[in-house]
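# Remarks on the overall topology
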Amino acid sequence: MKPTMLKIASAALVCLMLFSLASCSSDKSSAVEKAFTDEGYDVTKADANNETVKPLLGLLLNEEQMESVSEYEIMLCVPEGLLNVGNTAIVIKFPSAGDLKDFL
């Protein structure tokens, strides 16, 4: 009886650990969006062909990366006010670290 209870308790602990690890890898893009919004930025979702995003990405990426960046979600963060025009940020959301490594 004791070995059976030990196996059940061990299996329950393993399941609990797996669920807690899976919850740690959740999407943090909403926290990034909120941080930019709190600092006075206007955050919008854009694609790689957007008239504001395309020239900025052209400065940072090569042609191969420009072609593959259209697969990912892009957040365009533009500050409020005319004096802050040069402080525009682009956030590219990669689904995994492996995709980021392949991209770079």
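Structure shown above.
Quick summary incoming for the structure in this document. (Residues numbered from 1 in each chain as written. Predicted model: local features only at pLDDT ≥ 70, side-chain atom pairs only at ≥ 80, totals over all residues. Heavy atoms only, no water.)

### Section: the packing of aromatic side chains
Throughout the structure, instances matching the rule amount to four aromatic pairs. Each ring, one from Tyr-72 and one from Phe-103, has its centre 6.1 Å from the other, and the planes form 90°; the classification is edge-to-face. You can see Tyr-72 sitting in the loop between helix 4 (63–68) and strand 2 (73–79) and its partner Phe-103 sitting in helix 5 (residues 97–103), a full 31 residues away along the chain. Each member of the pair, Tyr-72 as well as Phe-103, is classed as buried. Of the aromatic side chains, those joined through ring pairs into one cluster are Tyr-72, Phe-94 and Phe-103. (Phe/Tyr/Trp six-rings, centres within 6.5 Å; stacked < 30°, edge-to-face > 60°. Helix = DSSP H or I, 4+ residues; strand = E, 2+ residues; numbered from the N terminus. Buried < 20%, exposed > 50% of the residue type's maximum accessible area, 1.4 Å probe, protein only.)

### Focus: the sheet that holds strand 1 (residues 41–46)
Ordered by their spatial adjacency, three strands build an open sheet running 1-2-3, and the pairing between neighbours is antiparallel. Edge positions in the sheet fall to strand 1 and strand 3 (89–93), since each of these pairs with one other strand and no more. Each strand axis lies, on average, 20° off the axis of its neighbour in the sheet, ignoring direction. Sheet topology note: the strand 2/strand 3 ladder contains five bridges and is antiparallel. From the neighbouring strand, Met-75 faces strand 3, where its bridge partner is Val-91. Lying over the sheet, helix 2 (residues 29–38) contacts strand 1, strand 2 and strand 3, oriented at roughly 140° with respect to strand 1. On the sheet, helix 3 (residues 53–60) packs against strand 1, strand 2 and strand 3 and is oriented at approximately 80° with respect to strand 3. (Pairing = 2+ DSSP bridges. Axes fitted to C-alpha atoms, helices over the stretch in contact; angles between N-to-C directions. Contact = heavy atoms within 4.5 Å.)

### Remarks on the environment of Tyr-41
With respect to the helices, strands and loops of the structure, Tyr-41 is situated in strand 1. Measuring from C-alpha to C-alpha, the distance between Tyr-41 and Thr-88 comes to 8.5 Å, with 47 residues separating the pair along the chain.

### Thoughts on the nonpolar core
Within the largest apolar cluster, ten residues are counted, these being Ala-46, Ala-48, Val-53, Leu-57, Leu-61, Val-69, Tyr-72, Ile-74, Leu-76 and Phe-103. Counting only elements with at least two residues in this core, the list comes to helix 3 and strand 2. What Leu-76 contacts, discounting residues up to four positions off in sequence, is Asp-42, Val-43, Thr-44, Ala-46, Thr-52, Val-53, Thr-88, Ala-89 and Ile-90. Formed by five residues, the second largest nonpolar core is a distinct cluster that contains Tyr-41, Val-43, Met-75 and Ala-89. (Core = buried A, V, L, I, M, F, W, Y, C linked by side-chain atoms within 4.5 Å.)

### Concerning the pattern of salt bridges
With the rule as written, the count across this model stands at four salt bridges. We note a salt bridge from Lys-45 to Glu-33, for which the minimum N-O separation is 3.2 Å. Within this pair, whereas Lys-45 is found in strand 1, its partner Glu-33 is found in helix 2, the two being separated by twelve residues in sequence. Taking relative accessible area as the criterion, Glu-33 reaches 27% and is therefore assigned partly exposed. Between Asp-38 and Lys-34 there is a salt bridge; the shortest N-O distance is 2.9 Å. (Salt bridge = Lys/Arg side-chain N within 4 Å of Asp/Glu carboxyl O.)

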